[in-house]
Amino acid sequence: QVQLVESGGGLVQTGGSLRLSCAASGSDFSSARMGWYRQAPGKERDLVAVITSGGSTNYADSVKGRFTISRDNANNTMYLQMDSLKPEDTAVYYCNALIHIAPIRFVNYWGQGTQVTVSS
């Protein structure tokens, strides 16, 4: 029932831009902490950016000043605006939602990922 679907990935040149979208369904995500993670070939999945239900954001040092995370709670959609892309940004980008469903219970959901490739 719960589903996170990423879109917007593709192939861009160094310095280009992409906007990733994450469409969430099957639950109430308005109070969820949501974020974007990425995994490059042969590497671990790393946090890119997170956004709380209140709109507070945090970014990995490697993307600060270049990426912007946002959310549209009315449409259950989260975005990642990626500017000034670099080859090292090449990875599969995953949408994540952490939902607090009980005083001590959280549920973590992941999308299927969308490929971002930045050519050098």
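Given the structure is predicted, the values throughout are model-derived calculations rather than measurements.

Conventions used here
Residues numbered from 1 in each chain as written. Predicted model: local features only at pLDDT ≥ 70, side-chain atom pairs only at ≥ 80, totals over all residues. Heavy atoms only, no water. Helix = DSSP H or I, 4+ residues; strand = E, 2+ residues; numbered from the N terminus. Rg over C-alpha atoms; globule rule 2.2 N^0.38 Å. Buried < 20%, exposed > 50% of the residue type's maximum accessible area, 1.4 Å probe, protein only. Contact = heavy atoms within 4.5 Å. Phe/Tyr/Trp six-rings, centres within 6.5 Å; stacked < 30°, edge-to-face > 60°. Lys NZ or Arg CZ within 6 Å of the ring centre and 35° of its normal. Pairing = 2+ DSSP bridges. Axes fitted to C-alpha atoms, helices over the stretch in contact; angles between N-to-C directions. Core = buried A, V, L, I, M, F, W, Y, C linked by side-chain atoms within 4.5 Å. Salt bridge = Lys/Arg side-chain N within 4 Å of Asp/Glu carboxyl O.

Re the overall build of the protein chain
Here comes step 1: Secondary structure assignment for the protein chain yields zero helices and eleven strands.
Here comes step 2: If you list the helices and strands of the protein chain from N to C, you get β-β-β-β-β-β-β-β-β-β-β.
Here comes step 3: Over its C-alpha atoms the protein chain spans a radius of gyration of 14 Å, differing by no more than 12% from the 14 Å that the globule rule assigns to 120 residues.
Here comes step 4: Its C-alpha atoms give the protein chain principal-axis dimensions of roughly 45 × 25 × 25 Å.
Here comes step 5: Scored against the burial criterion, the 120 residues of the protein chain give a buried share of 38%.
Here comes step 6: Put simply, 53% of the contacts in the protein chain that link residues at least 6 apart link residues at least 24 apart.

A look at the packing of aromatic side chains
Here comes step 1: Inspection of the entire model under this criterion finds one aromatic pair.
Here comes step 2: Between the NZ or CZ atom of Arg 45 and the centre of the ring of Tyr 94, over which it lies, the distance is 3.7 Å.

So, the environment of Pro 87
Here comes step 1: In this fold, Pro 87 is placed in the loop between strand 8 (77-82) and strand 9 (91-102).
Here comes step 2: The spacing of Pro 87 and Thr 117 is 30 residues in sequence and 7.3 Å in space, taken between C-alpha atoms.

Side note on the sheet that holds strand 1 (residues 3-7)
Here comes step 1: Within the open sheet, the four strands sit side by side as 1-3-8-7. Their pairing is antiparallel. Pairing within the sheet leaves two strands with one partner each, and these edge strands are strand 1 and strand 7 (67-72). In this sheet, neighbouring strand axes are inclined to one another by 15 degrees on average, regardless of whether the strands run parallel or antiparallel.
Here comes step 2: When strand 7 meets strand 8, the two strands line up antiparallel, connected through six bridges.

Some thoughts on the nonpolar core
Here comes step 1: The biggest cluster of nonpolar side chains holds 28 residues, and the ones touching the most others in it are Met 34, Trp 36, Leu 80, Met 82 and Tyr 93.
Here comes step 2: Within the residue set of this core, elements represented by two or more residues are strand 3 (18-25), strand 4 (33-39), strand 5 (45-51), strand 7, strand 8, strand 9 and strand 11 (114-119).
Here comes step 3: If one sorts the elements of this core by residue count, strand 9 sits on top with five residues.
Here comes step 4: Not counting the four nearest positions on each side in its chain, Met 82 is found in contact with Gly 16, Ser 17, Leu 18, Leu 20, Arg 66, Phe 67, Tyr 93 and Val 116.

Remarks on the pairing of strand 1
Remark: a regular strand shows side chains that alternate across the two faces of the sheet.
Here comes step 1: Only one face of strand 1 is covered, namely the one carrying Leu 4 and Glu 6; the face carrying Gln 3, Val 5 and Ser 7 has none of its residues buried.
Here comes step 2: Where strand 1 lies against strand 3, five bridges are found, and the strand directions are antiparallel. What sits directly across from Ser 7, in strand 3, is Ser 21.

Some remarks on the pattern of salt bridges
Here comes step 1: Summed over all chains, the structure comprises three salt bridges.
Here comes step 2: The residue Asp 89 makes a salt bridge to Arg 38 at a minimum N-O spacing of 2.9 Å. In this pair, Asp 89 sits in the loop between strand 8 and strand 9 while Arg 38 sits in strand 4, placing the two residues 51 residues apart along the sequence.
Here comes step 3: Residue Arg 38 is classed as buried on the basis of its relative accessible area, which comes to 13%.
Here comes step 4: For the salt bridge of Arg 66 with Asp 89, the shortest nitrogen-to-oxygen distance reads 2.7 Å. Placement of Arg 66 in the loop between strand 6 (57-59) and strand 7 and of Asp 89 in the loop between strand 8 and strand 9 is noted, with a sequence separation of 23 residues between them. By the burial criterion, Arg 66 is buried, and Asp 89 matches it.

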